[in-house]
Each structure stands twice: as structure tokens, then as C-alpha cells.
Amino acid sequence: MNIYVILKRTFDTEEKISVSNNKISEDSAEFIINPYDEYAIEEAITLKDAHGGTVTVVTVGDEDSEKELRTALAMGADQAVLISNEDLDSQDPFTTSSVLAAYFKDKEFDIILGGNVAIDNGTGQVGPRLAELLDIPHVTTITKIEINGTTVNIERDVEGDLEKIETSLPLLVTAQQGLNEPRYPSLPGIMKAKKKPLETLELDDLDIDEDDVEAKTKTVEIYLPPKKEAGKILSGDTADQVKELVSLLRNEAKVI
Amino acid sequence: MAKKVLVLAESRDGSLRNVSFEAIAAAKEISGGGEVFAVLCGESVQSLANDLIHYGADRVLVAENEKLANYTTDGYYQALKQIIDDEKPEAIVFGHTSLGKDLSPRLAARLESGLISDVTGLEQAGENTVFTRPVYSGKAFEKKLINDGLVFVTIRPNNIAPLEKDESRSGEVKSVSVEIKDLRTIVKEVVRKATTGVDLSEAKIIVAGGRGVKSEDGFKPLQELADVLGAAVGASRGACDADYCDYSLQIGQTGKVVTPDLYIACGISGAIQHLAGMSNSKVIVAINKDPEASIFSVADYGIVGDLFEVVPLLTEEFKKVLV
Ligand SMILES: Cc1cc2nc3c(=O)[nH]c(=O)nc-3n(C[C@H](O)[C@H](O)[C@H](O)COP(=O)(O)OP(=O)(O)OC[C@H]3O[C@@H](n4cnc5c(N)ncnc54)[C@H](O)[C@@H]3O)c2cc1C
Ligand SMILES: Cc1cc2nc3c(=O)[nH]c(=O)nc-3n(C[C@H](O)[C@H](O)[C@H](O)COP(=O)(O)OP(=O)(O)OC[C@H]3O[C@@H](n4cnc5c(N)ncnc54)[C@H](O)[C@@H]3O)c2cc1C
């Protein structure tokens, strides 16, 4: 099976965010594989173990994204592709999905796995957009997948309800937490990853004209929410604290 | 410039979701005095149409088809695509719900349009509507607009106020027949987990429990408090993973994103993935025995203590004052 994972390098979840020049400052930030994409990588490796084939991880990013691709290779992916976005002036999910579609256009693929949402920009658009551009079905927020021949049985999370879906390959799915427990790269895995193929592509290599993938949206401002005043930590004996809280909620906050 | 705006209405258990009324309010503002029409898809949903008019829609198109009984991406996509081609709206508003998140990017790709997801506020700036949305798990916000062409957005539930219901409003309700060809994904079964009662994403008050609740039984005092307040019960991932409650109660990045007037967090440490789902709540109360727990950093009011002592007392106190 030809298994692909689309992966995004994101800010570490625990990072403090600061804004300068109307941009999120990346100085000294730690980056990670988007957590939902880790589930996608894990599932891709599991599918390969069951059905054979190769796992290719693909990202649109800058040269630093090589680190996250190597991590995916160390987990067990076979090869990686870095599509450089450094020639792009503007970028949004339209851009990213169009670039990915240009890459996949002449590839043979059975399944593409991604995360259901990136924890930084968080639109959740790239997966379904890509599926449409490739004219294949998609299933979002999956928590289980089984492939028999070309038939695919999926369980997906729908706001807490569970939906059982039947569909077929080729297919794009996006991972929800609960799909699996991603493995940590092993030491031998990390050693092997250094020698696994990692291809870098420029937009020209994909015959992409920058103007055609120009962002459709524009960010006019990025700002931090107003700092919340330190909350009131109540004191005294518990019964008094409870009385005070009820009174504050009624008379100060006026929410009850 | 006045715009014609399409709103996709969503129903659940035979009634419309609040987010659909909120979407109409957003659409009104985007329309700048133009027309707002709602689209209702399903098997037999006609009876819901008037409510949409009462909440501000000028017109409702009802697309009934047995293949739309359950949501499938392909079914809804085909129905919406036909309606969009016929009506040529200049803006589209969906809820940022499971359905909206699944369908909107696919349609936007087909329409070659921009899409601003998970909008929590909007304002007019000259000819443009500028949309606010949280990024980085709610640690920052951005204001965005669509450069040109179709304005397509999804709105986060419980953030944009719906218009006052006005039963004297009237408007055209029209059936449209849509042709649904083959569906590439088939829904075999839907296992309903979400408990009945108040929908978490629409609840005004939420009492949420974490791993600190310690057992399934540990949720009982929380439920009692919720009953007194007319609140919904929610949970952290920690509580769900420990099997104290069902995943359908999960709040956070993976679970539901909620914005109630009052959020009472009991025995929840306040991991960033949890905060992503609730930090925009208007008032947050934290009850935790660890004074260093991160949940206190977003709380308006905090009680450092044992939830099994505090919560029952709180229930009694509310009972007294709410009679
Ligand atoms: C220099 C620069 C400027 C940018 N400017 C803007 C801007 O002005 N406006 C704006 O909206 N965004 C901007 N972005 C962000 C970027 O374009 C989006 O983050 C990207 O399109 C993905 O959208 P998302 O983060 O919402 O991902 P989602 O749609 O939430 O991601 C879902 C899934 O899609 C896959 N995926 C997402 N991104 C990639 C990727 N790059 N490569 C491979 N797979 C991926 C992953 O599997 C991910 O889990 C900028 C980025 C860069 C590097
Ligand atoms: C990709 C990803 C997505 C995630 N998505 C989500 C999500 O959507 N939602 C979510 O919630 N988490 C999510 N998580 C998990 C998150 O990181 C935390 O692990 C989780 O929120 C912890 O749950 P908790 O606060 O209940 O448990 P803990 O962190 O164990 O906290 C328990 C708290 O209870 C307190 N406590 C214990 N006993 C008592 C008592 N008797 N009285 C009062 N207080 C007491 C303790 O002091 C402690 O602060 C996600 C993680 C990842 C990696």
C-alpha cells in the first residue's frame, strides 16, 4: 500500500506566546510535530505493518521542518518530502492544500492520513480541502480504521457520539485523539532515520506559480487577549468560602 | 455593499441548534442589509423552517431527500453545491460544529474560496467584514478578512448573540429538490453517547470534573450541583481516560469547545489542551486542592480545597439562595 502522512511542524503546546510586529514571535520557541499528526504517523506505520507498503511523510514548511520529518522517520516512516514554502509571500490553508495537491497529482496513493487540526493556526481545513482537490473521499476525526482489500471501516468521533462509516480506497482521513498511542522513536530508529531518504522540493519542481496559490485570506491583526486580572482565591473556613463564592457569583459576577 | 448570505442550519434530535440562530445573526451583519437565506437539509425537516424565519432569516430553502437523513460529506456537499450554484450567495456562514468543520473546507476548495474557521466575533471595516478567531489554543487572537470573492466563515457556538426571536416575522419557505448521486462514505451506525439534557456547547453554566473526582461515583456531587443550577456536566480528558465518565463530556482541544457564562472546574489541573476548550468562558471558578494548579491562572474565583467537601456545600448554599 502507498501510505502518505501530511504533517505540520507547530509550536510546542506549552510555549508562551508573544506578539511582535503583528506576528507571533518564533524566537527561541520549541517546535514539535503537530500532536494530531503524531497519531496519523502511528496509524500509518500500523497500517504498513498489517498490509505492507511504504509510508511517506510530506510537509510544506521551511528548512527547519527537516527536524520533525526526521522524527517521523525515526518513528518508522520510510521516506520524507519537504516542500519548501520559502518562496511564498502569503500562505493560508488554501495555499497549503493547493501545494500539497500539486505534489500528489502524479502520485499513486491508497491512503493519506493527517491530523484533524493543527494546534497553532487551528482551522482544520487542509485535510478536507486536499481530498476535494484530489477528488477522493475524506473522513475526519477518526478514532479507528480497518482496511480489508479496498473496503475501509472507520469509527469517527462526532462531538462525543461515535459514527461507524464504510468507505473505500483511495481515501484521506484525519486523526482524532484516541486513534492510538504514538510510539516514541527508539534509539536504533533514530540512527536509521539519518540514512532514510528525505527529498526537498521547490515550488518550481511542482510547476507551481506562486500567484496561483496566493492566500485567499489576510490577517490584519494578531493580538494577545487582555491579561486576565488575577482571580480571587478565597480564604477562611470552607463554609465561609462557599458562602462568599455564592455571593460573589450572584452580586459581583452576576452570572447566577 | 449589500450581500446575499447563505446560512446552513443544523438540527439535532428534531430541533434546530442554537448555533444556527447565531449564524443568522452573523449573516445579518455580513449582509449589510442584503438578504439572508437559510438552507435546511434532512429527510423531514420542513417543520423547523419557521423558527429560522423567527430568528431573522428572510427565506428558507428546504432540501429534503432520504439520502440526507444522516449527515454524509458527499450528500451534504452535493446538496449545498447545487443550491450555491443556483443562488450564487456572496457569503456563507456555517457553525463551527463537527458538521461544519467537515463540510466547509471541502466546499471552499471546490469554490476556490478562502474560508475563515472558528470565528468568535465580527465587525464591519468599510466594505469588509473583519472576523476575530482564536489561534494557538486561545493564547492569541487574530483578525482576518477574505481578500476578495466569496466570504465563507464558520462560527464558534455560543459566541455571537442570536437575534431576539420574533414570531411575527414571516418569510418564504420553499422546498428545493436536490439530486444526490452516489455517496462514497456510508454511515452504518451512529452510537449516541452524548447524554440527553443540556448540549454542552450551548450550556450557560457548566460544572466540570477532572481526575480529581476519582471515580464514576465522584461525579454525583457535581451532577447534584448542576441540577440545582440548571447546568450541564462536563469533564477533562483525565476523567474520561480514567473511565469516570463518557468521552462525550470531554471539554478541550480534542473535545468540545465551550463558552458558558459560568464554568466551575472541580479537580481539573488546567492543562493547556483543557484550557483551549474553556478559557473563553465568561466567569471561571476553580476548585482544586493544589494551590499551584494552572487552572487558578485562568480562574476568576478559586477555592483551594477538597472538592468532595466544597461541592456539596456549594449545592446546599445555592439551594438556599435560589428558592
Ligand atoms: C511564513 C508563513 C506565513 C503564514 N501566513 C499565514 C496567514 O497569513 N494566514 C493564515 O491563515 N495562515 C498563515 N500561515 C499558516 C499556514 O499557512 C497555515 O497554518 C496552514 O495553511 C495550515 O493551516 P492550519 O494551521 O489551520 O492547519 P489545519 O488545517 O488545522 O491542519 C490540519 C492538518 O493538515 C495537515 N497540514 C497542515 N499544514 C500542513 C503543512 N504545512 N504541511 C503538511 N501538512 C499540513 C496536518 O496533517 C494537519 O494536522 C503562515 C505560515 C507561514 C509558514
Ligand atoms: C493532543 C492532546 C490533546 C488533548 N486534548 C485534551 C482535551 O481536549 N481536554 C482535556 O481536558 N485534556 C486534553 N488533553 C490531556 C491534557 O494534557 C491533560 O492530561 C488532562 O487535561 C488532565 O486532566 P485532569 O486535569 O483531569 O487531570 P490531572 O492533571 O491529573 O489533574 C487532576 C487535578 O485534580 C486535583 N485534585 C485531586 N484530588 C482532588 C480533590 N479531592 N479535590 C480537589 N482537587 C483535587 C489535583 O490537584 C489536580 O490538579 C490532551 C492531550 C494531548 C496530548
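Just above, that's the structure.
In this text the structure is predicted, and so the values were computed from the model without any measurement. (Residues numbered from 1 in each chain as written. Chains lettered and ligands numbered in written order. Predicted model: local features only at pLDDT ≥ 70, side-chain atom pairs only at ≥ 80, totals over all residues. Heavy atoms only, no water.)

Another point: the overall build of chain A. Within chain A, the secondary structure is distributed over six helices and 15 strands. Dimensions along the principal axes, computed over C-alpha positions, put chain A at roughly 70 × 45 × 40 Å. Accessible area for chain A stands at about 11800 Å²; split by element, carbon and sulfur atoms hold 45% of it. Of note, chain A has its 26 positive side-chain charges centred 6 Å away from the centre of its 51 negative side-chain charges. (Helix = DSSP H or I, 4+ residues; strand = E, 2+ residues; numbered from the N terminus. Areas by Shrake-Rupley, 256 points an atom, 1.4 Å probe, with all protein chains shown as cover. Lys, Arg positive; Asp, Glu negative; His and termini not counted. Charge placed at Lys NZ, Arg CZ, Asp CG, Glu CD.)

Turning our eyes to something else, we now look at the overall build of chain B. Summing up its helical and strand segments, chain B has nine helices and 18 strands in all. Taken along the three principal axes of its C-alpha coordinates, chain B extends 60 × 45 × 40 Å. In chain B, which comprises 323 residues, the proportion classed as buried is 60%. Excluding contacts between residues fewer than 6 apart, the proportion of contacts in chain B whose partners are at least 24 apart in sequence is 65%. (Buried < 20%, exposed > 50% of the residue type's maximum accessible area, 1.4 Å probe, protein only. Contact = heavy atoms within 4.5 Å.)

A word on the interface of chain A and chain B. With 71 residues of chain A at the interface, the matching set in chain B holds 79 residues. The three residues of chain A that bury the most area against chain B are Glu132, Glu159 and Lys228 of chain A, which together make up 10% of that side's buried surface. Here chain A and chain B share 10 salt bridges between them. Note that arginine 156 of chain A and aspartate 102 of chain B form a salt bridge whose closest N and O atoms lie 3.9 Å from each other. Linking chain A with chain B are 43 residue pairs in polar contact (both at pLDDT 80 or more), by the criterion used here. (Buried area = accessible area lost by both parts, 1.4 Å probe. Salt bridge = Lys/Arg side-chain N within 4 Å of Asp/Glu carboxyl O. Polar contact = N/O pair within 3.5 Å; in protein donor to acceptor, adjacent residues only side chain to side chain.)

With that settled, the discussion passes to the site of ligand 2. Around ligand 2 sit 30 residues, and of these Arg211, Ser236, Ser269, Gln273 and Asn288 of chain B come closest. The site occupied by ligand 2 is bordered by residues of chains A and B. Backbone polar atom of leucine 307 of chain B to a nitrogen atom of ligand 2: 2.9 Å apart, as the coordinates give it. Burial of ligand 2 by the protein amounts to 82% of the accessible area it has alone, namely 990 Å². Elements with a contribution of two residues or more to the shell around ligand 2: α1 (35-51) of chain A together with α6 (237-241), α7 (272-278) and α9 (307-321) of chain B. Per-element accounting of the shell around ligand 2 gives the leading share, three residues, to α1 of chain A. (Near = heavy atom within 4 Å.)

Before going further, it helps to examine the site of ligand 1. Lining the immediate environment of ligand 1, one finds 26 residues, of which Lys8, Asp37, Thr96, Thr123 and Gly124 of chain A sit closest. Taking aspartate 92 of chain A, its main chain carries an N or O atom lying 3.2 Å from an oxygen atom of ligand 1. Between an oxygen atom of ligand 1 and a side-chain N or O atom of lysine 144 of chain B, the distance comes to 2.8 Å. Here ligand 1, which alone exposes 940 Å², has 81% of that area covered by the protein. For the shell around ligand 1, the secondary-structure elements that each account for two or more residues are β6 (54-61), α3 (93-104) and β8 (111-115) of chain A. Looking at the shell around ligand 1 residue by residue, the classes come out as eight nonpolar, 13 polar and five charged. (Nonpolar A, V, L, I, M, F, W, Y, C, P; charged D, E, K, R; others polar.)

This paragraph deals with helix α4 (residues 98-110) of chain B. In terms of residue burial, α4 of chain B counts as a mostly covered element, since 11 of its 13 residues are buried. Backbone geometry just after α4 of chain B places glutamate 112 of chain B at a positive phi near 50°.

As a packed pair, helix α4 (residues 126-133) of chain A and α4 of chain B sit with axes 8 Å apart at the nearest point and diverge in direction by 45°. What the angle tells us is that α4 of chain A and α4 of chain B run oblique. With respect to the hand of their crossing, α4 of chain A and α4 of chain B are arranged in right-handed fashion. Contacts between α4 of chain A and α4 of chain B pair Pro128, Arg129, Ala131, Glu132 and Leu133 of chain A from the former with Asp102, Pro105, Arg106, Ala108, Ala109 and Arg110 of chain B from the latter. Across the contact of α4 of chain A with α4 of chain B, the residue classes tally to six nonpolar, no polar and five charged. (Axes fitted to C-alpha atoms, helices over the stretch in contact; angles between N-to-C directions. Parallel < 35°, antiparallel > 145°, perpendicular 65-115°, else oblique. Left-handed = near helix turned anticlockwise from the far one by under 90°.)

What follows concerns the sheet that holds strand β1 (residues 5-9) of chain B. Residues and elements named next belong to chain B. One open sheet holds the seven strands; their spatial order is β7-β11-β6-β1-β4-β5-β12, and the pairing between them is parallel. Strands at the two margins of the open sheet, each flanked by one partner only, are β7 (116-119) and β12 (172-176). For this sheet, the mean angle separating the axes of adjacent strands, direction not counted, is 25°. With five bridges joining them, strand β5 (residues 59-64) and β12 adopt parallel strand pairing. Paired with alanine 63 across the strands is valine 176, a residue of β12. Docked against the sheet, helix α1 (residues 18-31) engages β1, β4 (36-42), β6 (91-95) and β11 (151-155), running at close to 175° with respect to β1. (Pairing = 2+ DSSP bridges.)

Bridge count between strand β10 (residues 151-158) of chain A and strand β11 (residues 161-168) of chain A: eight bridges; the pairing is antiparallel. Bridge assignment links aspartate 157 of chain A to a residue of β11 of chain A, and that residue is leucine 162 of chain A. In this structure, the hairpin formed by β10 of chain A and β11 of chain A is closed by a connection of two residues, where glutamate 159 of chain A is found at a positive phi of approximately 50°. With five bridges joining them, β11 of chain A and strand β13 (residues 186-191) of chain B adopt antiparallel strand pairing. Bridged to leucine 162 of chain A within β13 of chain B is valine 191 of chain B.

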